[in-house]
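Fold and contact review
Single-letter residue listing:
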Amino acid sequence: MLSKTLAGSVVGAILLLFSSVASAAVITNISDSAEQVRPLLPGLIAPDVTLKDTQGQPVALKKLLANKPTVLVVYRGGWCPYCSKQLKNIQNIEQQIAEMGLQIIAVSPDSPAKLAQSTISSPTYQLLSDDQLALAQAMGLAFFLDDKTAKVYRNKLGVNFVGLDGEQKVALPVPAVFVLDTQGMVHFQYANPNYRVRLSEPLLLAAAKQVMNH
């Protein structure tokens, strides 16, 4: 049995990337800056949204979470070196997390085709696409980049603009980690508007262990 809320979670920000494939996304909840976002707090239920697997097939998050407790990782995209390092580091502790009885789900705005290029794929660690921005917005994690930063990302990293209300906008998800139970309730949350700072693997293991032991 999982406990109620794991105290001391860190309220931060999640960035979310708008790519060209997200042009059909319905804009409902995107903040003006990383500091203004409000990630889902411990004790609340993760939204029931549909994501995509590496083959582009729909995946219902609620159904996936019902399988077993979950470490949910939200990251900016495979183009981000900090994200790539984080995913690799989590892969190194995948077995320990699996032995506790949890699965790992990592979600980004990357397209299914981009995700298919990753070497990460196992029964307990999978990558999913949120290219319609449904999860990031529903969890209160999305924010728009300022025009100067958006231009840098587009010109140097290949991040695309999308049309929004007659303007060209770019958004990104701040890196975040959640631990959820099979009902989708958040028991631990770490999110940080500084994308260079990530939750360490020892802290993630400690959080997962504490949640699972209550």
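For every chain, the first residue of its written sequence is number 1, and the numbers climb from 1 along that sequence. Predicted model: local features are reported for residues with pLDDT of at least 70 only, side-chain atom pairs are reported and counted for 80 or more only, and whole-chain, interface and lining totals are derived from all residues. Calculation of side-chain values draws on the structure's entire complement of heavy atoms; hydrogens and water are dropped beforehand.

Some details on the sheet that holds strand β1 (residues 30-31)
By this definition, two strands are paired if DSSP reports at least two bridges between them. Helix and strand definitions here come from DSSP, where helices need a minimum of 4 consecutive H or I residues and strands a minimum of 2 consecutive E residues; each element is numbered from the N-terminal end. An order of β1-β7-β10 is seen for the 3 strands of this open sheet, with the pairing classed as mixed. The outermost strands of the open sheet, each flanked by one partner alone, are β1 and β10 (171-173). The sheet contact formed by β1 and strand β7 (residues 142-144) spans 2 bridges and is parallel. If you follow Ile 30 over to β7, its bridge partner there is Ala 142.

Comments concerning the nonpolar core
To define a nonpolar core, start from buried Ala, Val, Leu, Ile, Met, Phe, Trp, Tyr and Cys residues and group those joined through side-chain atoms within 4.5 Å. Burial here depends on accessible area, computed with a 1.4 Å probe over protein chains only, as a share of the maximum for the residue type. Under 20% is buried, over 50% is exposed, and the range in between is partly exposed. One finds Val 71, Leu 87, Ile 97, Tyr 125, Leu 127 and Leu 204 to be the most contacted residues of the largest nonpolar core, which totals 26 residues. Broken down by secondary-structure element, the contributors of at least two residues to this core are β4 (70-74), α2 (81-92), β5 (103-108), β6 (125-129), β11 (176-180), β12 (186-191) and α7 (201-212). Of all the elements, α7 adds the most residues to this core, at 5 residues. Leaving out residues up to four positions away in the same chain, Leu 87 has contacts with Val 73, Tyr 75, Ala 106, Ile 120, Tyr 125 and Leu 127. Judged by nonpolar contacts, the second largest core, of 21 residues, contains Leu 61, Leu 65, Leu 141 and Ala 191. In what follows, residue pairs with any heavy atoms lying within 4.5 Å of each other are defined as contacts.

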